[in-house]
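Notes for the structure review
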Protein chains: 2
Amino acid sequence: MSRVLYDLCGIDDELRFSPYCWRVKLALAHKGLEVETRAWNFTDKQALAFADHDKVPVLVDGDETVTDSFEILRYLDRAYPDTPSLLGDPAAEARALYIKGHVERVMAPAIMRTIIMDLINAIHPKDRSYFRETREKRFGCRLEEFHSPAKGLSQLDAALEPLRGVLAQSDFIDGEAPGAGDYLVFGNFMWARSVSNADLVSNADPVYAWLERMLDLHGGMGREALRISDISGAYSQE
Amino acid sequence: MSRVLYDLCGIDDELRFSPYCWRVKLALAHKGLEVETRAWNFTDKQALAFADHDKVPVLVDGDETVTDSFEILRYLDRAYPDTPSLLGDPAAEARALYIKGHVERVMAPAIMRTIIMDLINAIHPKDRSYFRETREKRFGCRLEEFHSPAKGLSQLDAALEPLRGVLAQSDFIDGEAPGAGDYLVFGNFMWARSVSNADLVSNADPVYAWLERMLDLHGGMGREALRISDISGAYSQE
């Protein structure tokens, strides 16, 4: 049976930075499921028409096509009940939505403010005007005005407080071992790490040690992923 | 078997405003467990010496004495396995710690900034200098300087984003029915509601409808609890 994940790429086909796709790739590894990832660009809407969707991740698992990262986690738990659980029981799954809400509505905007000028540089040239138009409409200002690492880092520092509270008691958000709670948050750090060299977290912060643990998971898949700094001349392609 | 909860009170023995005690009272009701609450003041340290502790909640359940609100939730799930669960499986419990961290480190400071001058007014006169000294030391400034409803309400608005994300999908933080996730957040709203008339949430906000549902739970125990506005002349006792 074939299993294919459409995965956002940037200036290099192997530069994969979508936080939502990272959630899914980590979730598949968590379950020990192999996957073939297929590089996709923001503007390749036609390539996803078969799924009646216009964003990644899109997972094609044999005869099943599933869109939306959280729906894919739900699907994987349902389709592979004998593999390690991602979301857990109904209360656990509901609380994962609180973490997801915090990540997407508070943490991601803080990181976005910090790295957005690196991000646009890492996006494939053919996607840049699409990205700029959609994001400037969303933010209500030019990317250059939205960009504010000082403000972003300060917001991120505050946004990491719940995670620090957890790490005072356990190694992972989901307890003694990582799970969907961890992947939801870590996906956004993989996003930043892929496109930017910005130091988002001080090495004295307990979050730093958690990030190191997350980078080591599943054969070091996070640590080994291609970064913008691995691409020769990447900063001169604008 | 007797079950006693030491519960913080203010200028009236029946004014019970501790967010941590509210968690426990809601948790006991969730499990259908009766409890006798005992009014306690911040400075009655001697009354808790038997528990080798100096803060409430303290639960005395027959021969068991348990301190710390989260430990009490854990204890109740362990001691009463045949009643509705509060924390759930290990992953669910771990994710509840993320919510707890968010509530205590982000939401509570925002509410505190908004209501602190009402709070000091609601505290028993004999406790006020203790409260002022410990909090001014914690905040690093006078209560009057820390007090900033405009700043607090703006921080609270941002802090409610994860909850709004959840409420777009379900009625309660824990899903279709309330659980520990809901009580952890709602305890802080009971704290504010008990001591202040401040409108913390617009009635157009989905959080408002959730608050209304929470106030109705368990026979309307939140809605029926004594508020500062129910106490004649409360604002002239300073």
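Just so it is clear, the structure is predicted and the values come from calculations on it, not from any experiment. (Residues numbered from 1 in each chain as written. Chains lettered and ligands numbered in written order. Predicted model: local features only at pLDDT ≥ 70, side-chain atom pairs only at ≥ 80, totals over all residues. Heavy atoms only, no water.)

Observations regarding the nonpolar core
- Within the largest apolar cluster, 159 residues are counted, with the highest numbers of intra-cluster contacts made by Trp210(A) and Trp210(B).
- The dominant element in this core, judged by the number of residues it contributes, is helix 3 (residues 90-122) of chain A, at 15 residues.
- In this structure, Trp210(B) is in contact with Leu163(B), Leu167(B), Asp171(B), Phe172(B), Ile173(B), Asp182(B), Val185(B), Phe186(B) and Phe189(B), ignoring residues within four places of it in sequence. (Core = buried A, V, L, I, M, F, W, Y, C linked by side-chain atoms within 4.5 Å. Buried < 20%, exposed > 50% of the residue type's maximum accessible area, 1.4 Å probe, protein only. Helix = DSSP H or I, 4+ residues; strand = E, 2+ residues; numbered from the N terminus. Contact = heavy atoms within 4.5 Å.)

Here's the deal with the UniProt feature "domain: GST N-terminal" (unreviewed entry) in chain A
- According to UniProt, the "domain: GST N-terminal" (unreviewed entry) feature falls on residues 8-84 of chain A.
- The span residues 8-84 of chain A is 30% helix and 18% strand, and its two end C-alpha atoms sit 26 Å from each other. (UniProt positions renumbered as here; feature names shortened; annotations may be inferred.)

What to know about the interface of chain B and chain A
- Between chain B and chain A, the contact holds 34 residues from the first and 34 residues from the second.
- Its largest share of buried area at the contact with chain A, chain B owes to Arg95(B), Tyr98(B) and Arg105(B), together 34% of the area lost on that side.
- Summed over the shared surface of chain B and chain A, the result is four salt bridges.
- Close ionic contact of Glu161(A) with Arg105(B) constitutes a salt bridge, the shortest N to O distance being 2.9 Å.
- Going through the elements one at a time, helix 3 (90-122), helix 7 (161-167) and helix 8 (180-195) of chain B are the ones with two or more residues in the side of chain B that touches chain A.
- Per-element tally for the side of chain B that touches chain A: the top contributor is helix 3 of chain B, with 15 residues. (Buried area = accessible area lost by both parts, 1.4 Å probe. Salt bridge = Lys/Arg side-chain N within 4 Å of Asp/Glu carboxyl O.)

Here we look at unusual backbone geometry
- Note the cis peptide between Val56(A) and Pro57(A), where omega equals 5°.
- We note that Asp68(B) has phi near 80°; this positive angle belongs to a residue other than glycine.
- Looking at where Asp68(B) falls in the secondary structure, it is placed in the loop between strand 4 (64-67) and helix 2 (69-79).

Things to note about the packing of helix 3 of chain A against helix 8 (residues 180-195) of chain A
Residue and element names in this part refer to chain A.
- The geometry of helix 3 relative to helix 8 is characterised by a closest axis approach of 9 Å and an angle of 5° between their N-to-C directions. Considering the angle they form, helix 3 stands roughly parallel to helix 8. Here Ala96, Ile99, Lys100, Val103, Met107, Ala108, Ile111, Met112, Ile115, Asp118, Leu119 and Ala122 of helix 3 lie close against helix 8, whose contacting residues are Gly181, Leu184, Val185, Asn188, Phe189, Trp191, Ala192 and Val195.
- Tallied by class, the residues present in the contact of helix 3 with helix 8 amount to 16 nonpolar, two polar and two charged. (Axes fitted to C-alpha atoms, helices over the stretch in contact; angles between N-to-C directions. Parallel < 35°, antiparallel > 145°, perpendicular 65-115°, else oblique. Nonpolar A, V, L, I, M, F, W, Y, C, P; charged D, E, K, R; others polar.)

Topic: the sheet that holds strand 3 (residues 58-61) of chain B
All names here are of chain B.
- Taken together, the four strands give an open sheet; going across it, the order is 2-1-3-4, and neighbouring strands pair in mixed fashion. The sheet is open, and its two edges are formed by strand 2 (36-40) and strand 4, each paired on a single side. Strand-to-strand twist in this sheet, taken as the mean axis angle between neighbours without regard to direction, amounts to 20°.
- Here strand 1 (residues 3-8) pairs with strand 2 via five bridges, running parallel. Bridge assignment links Leu8 to a residue of strand 2, and that residue is Trp40.
- Against the sheet, helix 1 (residues 19-30) makes contact with strand 1, strand 2 and strand 3, and its axis sits at roughly 150° relative to strand 1, the strand it touches most.
- Lying on the sheet, helix 2 is in contact with strand 3 and strand 4; it crosses strand 4 at an angle near 140°. (Pairing = 2+ DSSP bridges.)

A closer look at the domain arrangement of chain A
Residues and elements named next belong to chain A.
- Here chain A is partitioned into domain 1 (3-79) and domain 2 (90-218).
- Inter-centroid distance (C-alpha atoms) of domain 1 to domain 2 is 19 Å.
- In this assembly, 21 residues from domain 1 lie in contact with 31 residues from domain 2.
- Summing both sides of the interface, domain 1 and domain 2 together bury roughly 2,300 Å²; the carbon and sulfur share of this comes to 68%.
- Sorting the residues of domain 1 by area buried against domain 2 places Arg23, Phe42 and Phe70 first, and these three jointly supply 27% of that buried surface. (Domains from an automatic or database assignment.)

Details of the environment of Ile116(B)
Residue and element names in this part refer to chain B.
- You can see Ile116 is positioned in helix 3.
- Exposure remark for Ile116: the relative accessible area of 0% places this residue in the buried category.
- Remark: the alpha-carbon pair of Ile116 and Ser148, spanning 32 residues in sequence, is separated by 8.8 Å.
- With sequence-adjacent residues up to four places away left out, Ile116 is seen in contact with Phe131, Phe139, Leu143, Phe146 and His147.

Notes on the environment of Thr83(A)
All names here are of chain A.
- When you line up the elements, Thr83 lands in the loop between helix 2 (69-79) and helix 3.
- Residues Thr83 and Leu33, spaced 50 residues apart in sequence, show a C-alpha to C-alpha distance of 9.0 Å.
- At a separation of 2.6 Å, a polar atom in the side chain of Thr83 contacts the main-chain carbonyl oxygen of Tyr80. (Polar contact = N/O pair within 3.5 Å; in protein donor to acceptor, adjacent residues only side chain to side chain.)

Quick notes on the packing of helix 3 of chain A against helix 6 (residues 149-159) of chain A
Residues and elements named next belong to chain A.
- For the pair helix 3 and helix 6, the least separation of the axes is 6 Å and the interaxial angle reads 150°. Judged by the angle between their axes, helix 3 and helix 6 are roughly antiparallel. Both helix 3 and helix 6 take part in a crossing whose hand is left-handed. Where helix 3 approaches helix 6, its residues His102, Val106, Met107, Ala110, Ile111, Arg113 and Thr114 are matched on the opposing element by Pro149, Lys151, Gly152, Leu153, Gln155, Leu156 and Ala159.
- Among the residues making up the contact of helix 3 with helix 6, the classes are represented as eight nonpolar, four polar and two charged. (Left-handed = near helix turned anticlockwise from the far one by under 90°.)

Observations regarding the relation of the copies chain B and chain A
- Under the fitted operation, chain B is carried onto chain A by 0.0 Å of movement along the axis and a turn of 180°, and the coordinates agree to an RMSD of 0.0 Å. Those values place the two copies in the arrangement expected of a two-fold rotation axis. Among all residues of chain B, the minimum C-alpha distance to the rotation axis is found for Ala92(B), at 1.9 Å.
- By residue overlap, the copies meet face to face through one surface: 100% of the interface positions of chain B are interface positions in chain A. (Least-squares fit on C-alpha atoms with pLDDT ≥ 70 in both.)

Re helix 6 (residues 149-159) of chain B
Residues and elements named next belong to chain B.
- Every buried residue of helix 6 is listed here: Gly152, Leu156 and Ala159. Around the axis of helix 6, the buried residues are gathered within 60° of arc, so they sit on the same side.
- Among the structural elements, helix 3 and helix 7 are those in contact with the buried residues of helix 6. (Arc of directions from axis to C-beta.)

Regarding the state of the cysteines
Residues and elements named next belong to chain A.
- This model, assessed by the stated rule, comprises zero disulfides over all chains.
- Of all cysteine sulfurs in the structure, the one in Cys21 sits closest to Cys9, which takes part in no disulfide; the separation is 10 Å.
- On the basis of relative accessible area, Cys9 is assigned to the buried category, the value being 1%. (Disulfide = S-S within 2.5 Å.)

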